[in-house]
Amino acid sequence: QAFRVDVIREEDGVLEFDMVGIDAAIANAFRRILLAEVPTMAVEKVFVYNNTSIVQDEILAHRLGLIPIRADPRLFEYRNQGDEEGTEIDTLQFQLKIKCSRNPQAAKESSDPNELYFNHKVYSKHMTWVPLGNQTDLFPDADFRPVHDDILIALLRPGQEIDVLMHCVKGIGKDHAKFSPVATASYRLLPDITLLQPVEDEAAETLQKCFSPGVIEIQNIKGKKVARVANARLDTFSREVFRHEGLKNLVRLARVRNHYIFSVESTGILPPDVLVSEAIKILMGKCQRFLNELDSVPME
């Protein structure tokens, strides 16, 4: 009845929010769904037509698979097991074709590869989307590409080249980590710091140094420095205060048992607020299936 969600901040692909009034099992289930059950698109098959770089085919395929692809997985279906050829509704196709050559205009005494060679660094920006079937009509405004353009894939030297075709499919982190939509998803209990007695002057300054910046604030009251708890959620539970004999009995450290601080950092495939809403839908679906199974069990 007292359940609520408070969004604290959202910036640079990181969402911090509070879930209040839930059990630890629900909080952990929510975290695990974010890590392993929210689907994304990732490279599943790599067709190597030519690879004369020093990177082996298997290592190259592995590196390509770990590149996050900016494509909304909700637009695609799961590929059927055993299907060799992809279709426009379940596959995204990318091509990487690049060859290194010498720069004839480079100075003879130069030793800088950036001056001596063209295309000697293979980046994720060199991956280009190749529409399958009628995908151009299905996604007229689509901008399917890697999330980051500056992911280094391989280093080449003159004469070496890479020519591969990639198939991206829909999957979940439970099957392979490359499908996980989050760089990290974690939670912690809200710290609860209580000063049992007034802490003043030098003791107040020592107390402030025992906690993370912003946790303890020193106020000037009638010419005395008095410590107060300013923002307990910034505390990292270092327990440094217990090293001081004069302070350890003046402070009580605890945690609010039903108040969870969540931090979700997206890989950039989907915004973190979308990931949270999708995780909630998946959790609701699991609960509904469980209720349906209970209803189908005959009562004796």
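Before reading further, recall that the structure is shown in the block above.
Residues numbered from 1 in each chain as written. Predicted model: local features only at pLDDT ≥ 70, side-chain atom pairs only at ≥ 80, totals over all residues. Heavy atoms only, no water.

Notes on the sheet that holds strand E13 (residues 182-195)
Item 1. Read across the sheet, four strands follow the order E1-E2-E16-E13 without closing on themselves; strand pairing throughout is antiparallel. Each edge of the open sheet is held by one strand with a lone partner, namely strand E1 (4-11) and E13. Strand-to-strand twist of the sheet, defined as the mean angle between neighbouring strand axes without regard to direction, takes the value 25 degrees.
Item 2. On top of the sheet, helix H1 (residues 24-36) reaches strand E2 (14-20), E13 and strand E16 (251-266); it is set at about 150 degrees to E13, its chief contact. (Pairing = 2+ DSSP bridges. Helix = DSSP H or I, 4+ residues; strand = E, 2+ residues; numbered from the N terminus. Axes fitted to C-alpha atoms, helices over the stretch in contact; angles between N-to-C directions. Contact = heavy atoms within 4.5 Å.)

Section: the side chain of Asp 90
Item 1. For Asp 90, the position within the fold is in the loop between strand E4 (69-70) and strand E5 (92-99).
Item 2. Buried and without a salt bridge, Asp 90 has Arg 79 as its closest oppositely charged side chain, separated by 4.3 Å.
Item 3. At 2.9 Å, the side chain of Asp 90 forms a polar contact with the backbone nitrogen of Thr 87.
Item 4. Polar contacts involving the side chain of Asp 90 include one to the side chain of Thr 91, which spans 2.7 Å.
Item 5. Here Asp 90 is in contact with Phe 76, Glu 77, Tyr 78, Arg 79, Cys 168, Val 169 and Lys 170, once residues within four sequence places are set aside. (Buried < 20%, exposed > 50% of the residue type's maximum accessible area, 1.4 Å probe, protein only. Lys, Arg positive; Asp, Glu negative; His and termini not counted. Salt bridge = Lys/Arg side-chain N within 4 Å of Asp/Glu carboxyl O. Polar contact = N/O pair within 3.5 Å; in protein donor to acceptor, adjacent residues only side chain to side chain.)

Remarks on the sheet that holds strand E12 (residues 161-171)
Item 1. Pairing is antiparallel in the open sheet, where four strands are placed in the order E3-E12-E5-E9. The open sheet has two edge strands with one neighbour each: strand E3 (40-51) and strand E9 (128-129).
Item 2. Pairing analysis gives two bridges linking E5 to E9, with the strands arranged antiparallel. In the strand pairing of E9, Phe 94 is matched with Trp 129.
Item 3. Across the sheet, helix H2 (residues 57-65) touches E3, E5 and E12, and the angle it forms with E3 is around 150 degrees.

Here's the deal with the nonpolar core
Side chains of a nonpolar character, in soluble globular proteins, are inclined to be buried together.
Item 1. Among the nonpolar cores identified, the biggest contains 26 residues, and Leu 64, Leu 96, Met 127, Ile 153 and Ile 162 are the most heavily contacted of them.
Item 2. Contributing elements (two or more residues each) for this core: E3, H2, E5, strand E11 (152-155) and E12.
Item 3. Those residues within four positions of Met 127 in sequence are excluded, and the remaining contacts are Leu 64, Ile 67, Ile 69, Phe 94, Gln 95, Leu 96, Pro 146, Ile 153 and Met 166. (Core = buried A, V, L, I, M, F, W, Y, C linked by side-chain atoms within 4.5 Å.)

A few points about the pairing of strand E15 (residues 224-229)
Item 1. Sheet topology note: the strand E14 (residues 216-221)/E15 ladder contains six bridges and is antiparallel. Looking at E15, one finds that Ile 218 is bridged to Ala 227.
Item 2. Counted between consecutive antiparallel strands, the loop separating E14 from E15 contains two residues, among which Lys 222 sits at a positive phi close to 55 degrees.

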